[in-house]
Amino acid sequence: MTDPQTEQLVRHDPTDVDLARGDDVGYAGPEDQPEHGAVEVLGLDVAAIRADFPILSRTVRDGRPLVYLDSGATSQRPVPVIDAEQEYVTGHHAAVHRGAHQLAEEATDFYEGARARVAEFIGAGRPEEVVFTKNATEALNLVAYSLGNASVQGGRGVHGSRFAVGPGDEILVTEMEHHANLVPWQELCRRTGATLRWFGVTDDFRLDLSGIHELVTPRTKVVAFTHQSNVLGTINPVPLLVEAAHRVGALTVLDACQSVPHAAVDVVALGVDFLAFSGHKMLGPSGVGVLYGRHELLEQMPPFLTGGSMIEQVFMDHSTYAAPPARFEAGVPMTSQAVGLGAAVDYLETVGMKAVADHEAELTGLALQGLSSLRGVRIIGPADTTDRGGAVSFVVDGVHAHDVGQILDDEGVAVRVGHHCAWPLHRRFGIAATVRASFALYNTPAEVDALVAAVAQAQRFFEVA
Amino acid sequence: MQMEQLYQEIILDHYRAPHHHGLRDRFQTEVHHVNPTCGDEVTLRVQLSPGADGVPVVDDVSYDSLGCSISQASTSVMTDLAIGVPLPDALATLEEFTRMVTSRGTVEGDEDVLGDGVAFAGVARYPARVKCALLGWMAFKDAASQAVDRTPDLAARG
Ligand SMILES: Cc1ncc(COP(=O)(O)O)c(C=O)c1O
C-alpha cells in the first residue's frame, strides 16, 4: 500500500473556479481554508478529475447539468478505465488460464496484473489473496457458502473443524448491514442450524457495543460487519471488533464496499480474515468484485462454485481442487472488467487515497451543515464527520423520500431514495425510506450547494417550509 | 417535465386527505403488499357482495398505508373508483389505469373510465414511480380475487 504521506498530492490550480463556488476546492479542513489567491493548496484538482469523467458533463431532464450524488450505489468511470477495457478487448482478449497461444498468454498477464494491482492497493501480502468475483454480493456469498459446504455431513471432512458451523454455533452480524452481508448469513444459519445474532444500533447511529461480552463468545464462529454503513455513513471500530472476534477464534468478514473506494484500506493493518468490495463503486466496471482472504484460510477453505478452472484433478467420482485463488474462480472469469478495475486502482492511487478521503470529508461536512440548516430535515447518521464517511441519508418532515428524490431529479440532482438495501436498519429507526446523497472524488462543494437548494425546493413544492 | 404536471393538484389533494382511509371491520379478505424497492406498504381489505343481477359488487375497500404521495393518492383514487361498483367494472378500470401508467407516456387514459385517475398520466414518464402508482391497485386486485375464490356465493356467479 502506498504510504499516504508520500502520495503525490495533486497541486490545485487556484484559477479553477468554475466548478466550485469559490477557489476553495483544496481540502486542508474547514477551519483551515486558504485565503483567496493562496499559492498552493494541498488536495486534489477536482476540475482536472472531472474532465476525466465524460458523463459528468452531460445534462439531464430538460437540460439541467447533472449533479451526480449517487456514487454509493455505483460510481462513474474515468477515461483511463474505459480505455484500459477497450485496449484489452481490441488487442489482447482470450480466455485466461487456458490455451497455449499468444493471446491467451497476454490475456492472462492482463488479468493477473490486475489482481496484483488490487492486492497491492489493499495491502494484501500476496496476489493469491485476491479472488475476483462478480461483485461484493458474490464475494460475501462465497464465504457463507464455503462455510456451508464445510458444514455439510459427509462433506470434505478435513475442513470440518475450522470452517464448519452447526447447531450451538453463532454467526454475529450488525443491524446496520446491507442485505448483502445479512441474507447470506441468515441462509447459512437456516441450512446449518447455527444461530444468527447481531449488534444493535444506538440512537446516535453507532454500533451498540454495550453487549459485546454477551455477543462475542466461544460459540461465535463468524463476525461479519460493514466497515462503513451505506446508509448512516458510520465507520465501525474494526480493530476492536476484530480483536474481540479473534479472542474467541471467530472468523471476521468485513464488508468494505463503502470504504475501499473512499479511503486507504490496509487489510493487514485491519487484521480481518476476509474482506469484500465491488469494482463498480470504485470507478471500475460493473461485473467485477473482490474477495480478499488470508492465504492460510483460503488454502483450507472448500470451494463455493465448482466446475472448470478451479480443479486440480478430476475423476468420474470425485475431484481435487486447485490452490487459491483459482479454487474460487470457477469457469472463464470476467476479464475486461478485471482489467478495468486494475486501471481504476491506478487512477485512485495517482490521485492518492489520502487526498480522496480529505476531499470527501470536506464535502460530507458541507452537506451535513447545509442539510441540517434546513428546518424539518433530519440527518439519519452521525451529525459530524468524526468516524463517518460520505453516505449522507436524511428525511424531510412531511415529504416522503420518493417525492424528495423526484424534485431533486427534476433539478438534475441524482440521489438514491428508499431503504438502500438496509431494511432492518430503517425499521430500527421507524423510517420507511430515506434520501441518500453520497460522494466521490469528482464531486464539488457547488454540487453540495445544489443538493441543499434542491431539498429546500422540495420543501417549498410540497408546502412544508 | 414540469413537476406540476406530475404532481397535479388532484394528486396532492388525495395525498393530504386520502379518501376511505383506515381499516374497517367488515371485510372478506385482507392482503398486505409491499414495494420491495422502497419499502412502501399497504394493508388492504375488501368486502364484496352478490349484486342484484348476480354480479359481485365491491361493497367496501379499506386500507392502511405507508408511502409516497403517488402511492397514497393513487390508492385513495382507486377506492373512489372501486367502491359501490360491480367488480368487473372495477377490474376494467384497473386495467385501463395499468395500461396508462405503464405506457411510458404513450397512453393518455380514458377520463370517462378513470375519473381523477387520469391525473396519474404523468407518472408513466417515470418508470421508477409506476410501482408506487400501482401498489394499492394491485393489492385491491389480489384481495378481490381472493374474496371471489373464498366466497362460493360470489364465485358461482362472478
Ligand atoms: C455496504 C454495501 N455492501 C454490499 C453492497 C453490495 O454491492 P454489490 O451490489 O455491488 O454486490 C453494497 C452496494 O450497494 C453496499 O453499499
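Positions within a chain are numbered from 1, following the residues in the order the chain's sequence is written. As a convention, the first chain written is A and the first ligand written is 1, with the rest following in written order. Residue-level local features of this predicted model are given only where pLDDT is at least 70; pairs of side-chain atoms are given and counted only at 80 or more, and the full residue set underlies all totals for whole chains, interfaces and linings. The side-chain numbers reported here are obtained from all heavy atoms of the structure, hydrogens and water having been left aside.

Per an unreviewed UniProt entry, chain B goes by Iron-sulfur cluster assembly scaffold protein NifU and derives from Nakamurella endophytica.

The name given to chain A in an unreviewed UniProt entry is Cysteine desulfurase, with the source organism recorded as Nakamurella endophytica. Quoted verbatim from the Catalytic activity (unreviewed entry) field of UniProt, the annotation for chain A is "(sulfur carrier)-H + L-cysteine = (sulfur carrier)-SH + L-alanine". UniProt positions are given in the numbering used here, feature names are shortened, and annotations may be inferred rather than shown by experiment. According to the UniProt record, the Cofactor (unreviewed entry) comment for chain A is "pyridoxal 5'-phosphate".

**With respect to the overall build of chain A**
Secondary structure summary: chain A contains 15 helices and 17 strands in total. Relative accessibility under 20% of the residue-type maximum defines a buried residue, over 50% an exposed one, and the middle range a partly exposed one, all with a 1.4 Å probe and only protein chains included. Within the span of chain A, comprising 465 residues, buried residues form 56% of the whole. Long-range pairs, those at least 24 residues apart, make up 71% of the contacts in chain A between residues at least 6 apart in sequence. Per-residue and other accessible areas follow the Shrake-Rupley method at a 1.4 Å probe size, with only the shown protein chains counted as cover for residues. Carbon and sulfur atoms make up 52% of the accessible area of chain A, which totals about 18300 Å². For helices the rule is a DSSP run of H or I covering at least 4 residues; for strands it is a run of E covering at least 2, with both sets numbered from the N terminus onward. Any two residues whose heavy atoms approach within 4.5 Å are treated as being in contact.

**Re the overall build of chain B**
For chain B, the helix and strand inventory stands at seven helices and three strands. Each helix and strand of chain B, placed in order from N terminus to C terminus, yields the pattern α-α-β-β-β-α-α-α-α-α. Computation of the radius of gyration draws on C-alpha atoms alone. For the globule rule, the value is 2.2 Å times the number of residues to the power 0.38. For 158 residues, the compact-globule estimate of 2.2 N^0.38 gives 15 Å, and chain B sits close to it at 15 Å. With the principal axes as the frame, chain B shows a C-alpha extent of 50 × 30 × 25 Å. Within chain B, the proportion of its 158 residues that are buried is 54%. At a minimum sequence separation of 6, the contacts of chain B that also span at least 24 residues come to 62%. Approximately 6900 Å² of chain B is accessible, and the part contributed by carbon and sulfur atoms is 50%. We count Lys and Arg on the positive side and Asp and Glu on the negative side, and we leave His and both chain ends out. For charged residues, the charge sits on one atom: NZ in Lys, CZ in Arg, CG in Asp, CD in Glu. For chain B, the separation between the mean place of its 12 positive charges and that of its 23 negative charges on side chains is 5 Å.

**Let's talk about the side chain of T108 of chain A**
Residue and element names in this part refer to chain A. Counting through the fold element by element, T108 comes out in helix α3 (residues 102-121). Residue class for T108 comes out buried when judged on its relative accessible area of 16%. Discounting chain neighbours no more than four positions away, the residues touching T108 are V96, H97 and G113.

**A few points about the pattern of salt bridges**
Residues and elements named next belong to chain A. Throughout this description, the term salt bridge denotes a Lys or Arg side-chain nitrogen within 4 Å of a carboxyl oxygen of Asp or Glu. For the coordinates displayed, the defined rule picks out 25 salt bridges over all chains. Measuring nitrogen to oxygen at the nearest pair gives 3.4 Å for the salt bridge that ties E296 to R162. On the criterion of sequence distance, the pair formed by E296 in helix α10 (residues 295-300) and R162 in helix α5 (residues 160-163) is long-range, its members being 134 residues apart. Assessed through its relative accessible area of 35%, E296 is described here as partly exposed.

**A few points about the interface of chain B and chain A**
At the interface, 24 residues of chain B touch 18 residues of chain A. Across the chain B/chain A interface, buried area totals approximately 1700 Å², and carbon plus sulfur atoms make up 54% of it. At the boundary of chain B and chain A, one finds two salt bridges. A salt bridge links R16 of chain B to E463 of chain A, with the nearest nitrogen and oxygen atoms 4.0 Å apart. Polar contact is defined as a pair of N or O atoms within 3.5 Å, subject to the rule that within protein one atom must be able to donate a hydrogen and the other to accept it, and that residues adjacent in sequence are counted only when both atoms are side-chain atoms. Between the two partners, chain B and chain A, sit seven residue pairs in polar contact (both at pLDDT 80 or more). Of all the secondary structure elements, the ones that give two or more residues to the side of chain B that touches chain A are α1 (3-6), α2 (9-16), β1 (29-35), α3 (69-82) and α6 (127-150) of chain B. A 1.4 Å probe defines the accessible area here, and the buried area is the portion of it lost by two parts on being joined, summed over both.

**Regarding the sheet that holds strand β17 (residues 434-438) of chain A**
Residue and element names in this part refer to chain A. Strand pairing is defined by DSSP finding a minimum of two bridges between the two strands. Strand order in the open sheet formed by four strands is β13-β14-β17-β16, and the pairing between neighbours is antiparallel. Because the sheet does not close on itself, it has two edges, and the strands there are β13 (377-379) and β16 (416-418). Between one strand and the next, the sheet's axes are offset by a mean angle of 30°, whatever the strand orientation. Note that strand β14 (residues 391-396) and β17 share four bridges and pair antiparallel. Bridge pairing in β17 places A391 opposite S438. Of the strands in this sheet, β13, β14 and β17 touch helix α15 (residues 445-461), which is tilted by about 15° from β14. Note on definitions: angles span 0 to 180 degrees between N-to-C directions of axes, and those axes are lines fitted to C-alpha atoms, for helices only across the stretch in contact.

**Regarding the site of the ligand**
Residue and element names in this part refer to chain A. Looking at the ligand, there are 13 residues lining it, with T137, D255, S278, H280 and K281 nearest. Within the contact set of the ligand, an oxygen atom lies 2.5 Å away from a side-chain nitrogen or oxygen of T137. Contacts to the ligand include H280, whose side-chain N or O atom sits 2.6 Å from an oxygen atom. For the ligand, the accessible surface in isolation is 400 Å², of which the surrounding protein chains cover 90%. For the shell around the ligand, the residue count by class is three nonpolar, eight polar and two charged. Summary of the distance rule: residues count as near a molecule or strand when at least one heavy atom falls within 4 Å of that molecule or strand. Polar here means any residue outside two lists: the nonpolar Ala, Val, Leu, Ile, Met, Phe, Trp, Tyr, Cys and Pro, and the charged Asp, Glu, Lys and Arg; Gly therefore counts as polar.

**A closer look at the packing of helix α2 (residues 79-91) of chain A against α3 of chain A**
Residue and element names in this part refer to chain A. Two elements in contact, α2 and α3, have axes separated by 10 Å at closest approach and are oriented at 165°. Taken together, the axis directions place α2 and α3 in an arrangement best described as roughly antiparallel. The handedness of the crossing between α2 and α3 comes out as left-handed. Residues E87, Y88 and G91 of α2 form the contact with α3, whose participating residues are L103, E106, A107 and F110. Here the contact of α2 with α3 is built from residues that sort into four nonpolar, one polar and two charged. In this scheme, roughly parallel covers angles under 35 degrees and roughly antiparallel covers those over 145, while 65 to 115 is roughly perpendicular and the rest are oblique. By convention the crossing between two helices is left-handed if the near helix lies anticlockwise of the far one by an angle smaller than a right angle, and right-handed if it lies clockwise.

**As for the environment of V345 of chain A**
Residue and element names in this part refer to chain A. Here V345 shows up in helix α11 (residues 336-351). For V345, a relative accessible area of 0% gives the class buried. Linking V345 and A144, residues 201 residues apart in sequence, is a C-alpha distance of 27 Å. Ignoring any residue separated from it by four or fewer positions in sequence, one finds V345 in contact with R117, V118, F121 and M282.

**A closer look at the state of the cysteines**
In what follows, a disulfide is any cysteine sulfur pair within 2.5 Å. In the structure shown here, the tally under the stated rule is zero disulfides over all chains. Summary of cysteine pairing: C132 of chain B is not part of a disulfide, and the nearest cysteine sulfur, belonging to C68 of chain B, is at 3.8 Å.

**Some thoughts on the sheet that holds strand β3 (residues 56-66) of chain B**
Remark on secondary structure: sheet strands pair via backbone hydrogen bonds, oriented parallel or antiparallel. All names here are of chain B. One open sheet holds the three strands; their spatial order is β1-β2-β3, and the pairing between them is antiparallel. Each end of this open sheet is capped by a strand with a single partner; those strands are β1 and β3. Direction aside, the axes of adjacent strands within the sheet are offset by 20° on average. Pairing between strand β2 (residues 40-50) and β3: ten bridges, direction antiparallel. Its bridge partner being in β3, L44 is matched across the sheet by Y63. Sitting on the sheet, α3 touches β2 and β3, and the angle it makes with β3 is about 165°.

**Quick notes on the UniProt feature "domain: NIF system FeS cluster assembly NifU N-terminal" (unreviewed entry) in chain B**
According to UniProt, the "domain: NIF system FeS cluster assembly NifU N-terminal" (unreviewed entry) feature falls on residues 7-132 of chain B. Across residues 7-132 of chain B, helical content stands at 37% and strand content at 23%; the span's end C-alpha atoms are separated by 13 Å.

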